[in-house]
Amino acid sequence: MPSLFDPIALGAIRAPNRVLMAPLTRGRATVEAVPTAIMADYYAQRAGAGLIISEATGISRQGLGWPFAPGLWTDAQVEGWKPVTDAVHRAGGRIVAQLWHMGRQVHSSVIGEQPVSSSATTSPGKVHTYGGRQPYEQARALGIEEIPAILDDYARATENALKAGFDGVQIHAANGYLIDQFLRDNANFRTDGYGGSVENRIRLLNEVSERVVAVAGAERTGVRLSPNGASQGVDDSDPEAVFVPAAKRLEEIGVAFLELREPGPEGTYGNTDVPRLSPAIRKVFGGPLIVNSDYFTREDAQAALDSGVADAVSFGRAYLANPDLIERLKQGAPLNEWDMKSWYGGGAEGYTDYPQLKDQEAA
């Protein structure tokens, strides 16, 4: 079985190791969703990852409701991303842009219109806004005539990602956001060609993937799914019946890699008793399969590879607080603790000021 530190081909991207950086929302862009200079420092610090998957990045104003998150629908945003990708490449790294439409997980005070979703539903809990946390609003169901424009937004964001210097893109189809809202039966009550049967609920994922692949190439396109358990109020009564066919379709399209966020019953940032579907997905998806959620040690990550299910592991919170995570895992060194207060906004504190192992050893 491969080691965490062995190289892997993720389509056209040659990753020097199998320790990937998971997408992590950080909120350091401008109100206009333009990346800022400090983001170049942040990502360059973590260029030792086999591949960096960027923080979720909006494909449109309609789809981006997280305060100070970045976008990829304007020229200014493209120009803002260029120093980030340049810094990562100068540091020897590789980075793809995660493309995001949040669907109903937004607020009108941020996006300027009523949220949209697969159906007229409302997320539980409260949403982050510039005015603090507020209750979610009911979304309206996207009209079938509006879906071509959503596909155009994905294609434009993909073009912009390549212009900005990214090595590829990842389609965010997980975590209860728009595509996930179409996939799962507790959020999708449509009676047209995008609802009801599994084939219909997979249709938006299929069409988005085909449009993105037409722009970037399958060899530079990845997808993220969260197949087991509820996520931000989105769930399914029979997830295996949905996500195994979805993965099979992605195999047919030929995407470069598939990442699965799969919390377990003891999950520390979301948990579920719904069994992980990665073993079943492995049977139908032959490309690189990346697992994610609650990986903090070399032993746990290597065990995922040794099982034969996963080809790589993406680390989230561990990478947030440990820019040199790859070296710490190689040496068995202790990890820095993360500061949750700084996750979703602020400046350098809790962002670019985490100490590196070499500095701690020198001290």
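What you are looking at is a predicted structure, and each value in this text was computed from that prediction instead of being measured. (Residues numbered from 1 in each chain as written. Predicted model: local features only at pLDDT ≥ 70, side-chain atom pairs only at ≥ 80, totals over all residues. Heavy atoms only, no water.)

So, about the overall build of the chain. Counting secondary structure elements, the chain contains 12 helices and 14 strands. A globule of 363 residues ought to have a C-alpha radius of gyration of about 21 Å, and the chain, at 19 Å, matches this closely. Oriented by its inertia axes, the alpha-carbon framework of the chain measures out at about 60 × 45 × 35 Å. The buried share of the chain, taken over its 363 residues, is 60%. Restricting the contact set of the chain to residue pairs at least 6 apart, pairs at least 24 apart contribute 71%. (Helix = DSSP H or I, 4+ residues; strand = E, 2+ residues; numbered from the N terminus. Rg over C-alpha atoms; globule rule 2.2 N^0.38 Å. Buried < 20%, exposed > 50% of the residue type's maximum accessible area, 1.4 Å probe, protein only. Contact = heavy atoms within 4.5 Å.)

The next point concerns the pairing of strand β14 (residues 312-315). Of the two faces of β14, the one lined by Ala 312 and Ser 314 and the one lined by Val 313 and Phe 315 are each fully buried. As paired elements, strand β3 (residues 19-21) and β14 share 3 bridges and run parallel to each other. Bridge assignment links Val 19 to a residue of β14, and that residue is Val 313. One ladder, built from 3 bridges, connects strand β13 (residues 289-292) with β14; its direction is parallel. (Pairing = 2+ DSSP bridges.)

Let's shift gears to the packing of helix α4 (residues 147-163) against helix α6 (residues 198-216). Geometrically, a packed helix pair is captured by the angle between its two axes and the distance between the axes. Their axes nearest at 9 Å, the elements α4 and α6 cross at an angle of 35 degrees. The chirality of how α4 crosses α6 is right-handed. Of α6, the residues touching α4 (which contributes Ile 147, Leu 151, Asp 152, Tyr 154, Ala 155, Thr 158, Glu 159 and Leu 162) are Leu 204, Glu 207, Val 208, Arg 211, Val 212, Val 215 and Ala 216. (Axes fitted to C-alpha atoms, helices over the stretch in contact; angles between N-to-C directions. Left-handed = near helix turned anticlockwise from the far one by under 90°.)

Ranked by internal contacts, the top residues of the largest apolar core, which has 84 residues, are Leu 225, Leu 258, Ile 281 and Phe 315. The element that contributes the greatest number of residues to this core is helix α7 (residues 239-253), accounting for 7 residues. When sequence neighbours within four positions are dropped, the list of residues in contact with Leu 225 reads Ala 173, Ala 174, Leu 183, Leu 205, Phe 243, Leu 250, Leu 258, Glu 259, Leu 260 and Arg 261. (Core = buried A, V, L, I, M, F, W, Y, C linked by side-chain atoms within 4.5 Å.)

Within this structure, the stated rule accounts for 11 aromatic pairs. Pairing Tyr 42 with Tyr 43 gives two aromatic rings, centres 4.9 Å apart and planes at 75 degrees, and the pair type is edge-to-face. The same class applies to Tyr 42 and to Tyr 43, which are both buried. With a centroid separation of 5.7 Å and 25 degrees between ring planes, the pair formed by Phe 296 and Trp 338 is classed as stacked. In this pair, Phe 296 sits in the loop between β13 and α9 (298-306) while Trp 338 sits in the loop between α11 (325-331) and α12 (357-362), placing the two residues 42 residues apart along the sequence. Of the residues examined, Trp 338 reaches a relative accessible area of 29% and is grouped as partly exposed. (Phe/Tyr/Trp six-rings, centres within 6.5 Å; stacked < 30°, edge-to-face > 60°.)

With that out of the way, let us pick up the UniProt feature "domain: NADH:flavin oxidoreductase/NADH oxidase N-terminal" (unreviewed entry) in the chain. Mapped onto this numbering, the UniProt entry gives "domain: NADH:flavin oxidoreductase/NADH oxidase N-terminal" (unreviewed entry) at residues 3-336. Secondary structure across residues 3-336 divides into 34% helix and 16% strand, with the first and last C-alpha atoms of the span separated by 23 Å. (UniProt positions renumbered as here; feature names shortened; annotations may be inferred.)

Moving on: α9. Along α9, the residues that are buried comprise Ala 301, Gln 302, Ala 304 and Leu 305. All buried residues of α9 project into a common sector of 150 degrees when viewed along the axis, lining one side. Looking at the packing, one finds that the buried side of α9 touches β13 and β14. Within two residues after α9, Gly 308 carries a phi angle of roughly 85 degrees, on the positive side. (Arc of directions from axis to C-beta.)

Moving on, we come to the environment of Phe 182. As for its position among the elements, Phe 182 is in helix α5 (residues 178-183). Note on Phe 182: relative accessible area 0%, which makes it buried. Residues Phe 182 and Ile 281 lie 99 residues apart in sequence; the distance between their C-alpha atoms is 19 Å. If sequence neighbours within four positions are ignored, Phe 182 has contacts with Ser 117, Ser 118, Leu 142, Ile 147, Asn 188, Arg 190, Tyr 194, Arg 201 and Leu 204.

We now examine the side chain of Asn 322. Within the secondary structure layout, Asn 322 lies in the loop between α10 (317-321) and α11. Here Arg 328 takes part through its side chain, which lies 3.3 Å from a polar atom of the side chain of Asn 322. Not counting residues within four places of it along the chain, the set of residues in contact with Asn 322 comprises Arg 328, Leu 335 and Asn 336. (Polar contact = N/O pair within 3.5 Å; in protein donor to acceptor, adjacent residues only side chain to side chain.)

Here Arg 224 lies in strand β11 (residues 221-225). On the basis of relative accessibility, which here comes to 4%, the residue Arg 224 falls in the buried class. When the C-alpha atoms of Arg 224 and Arg 276 are compared, they prove to be 15 Å apart, with 52 residues separating the residues in sequence.

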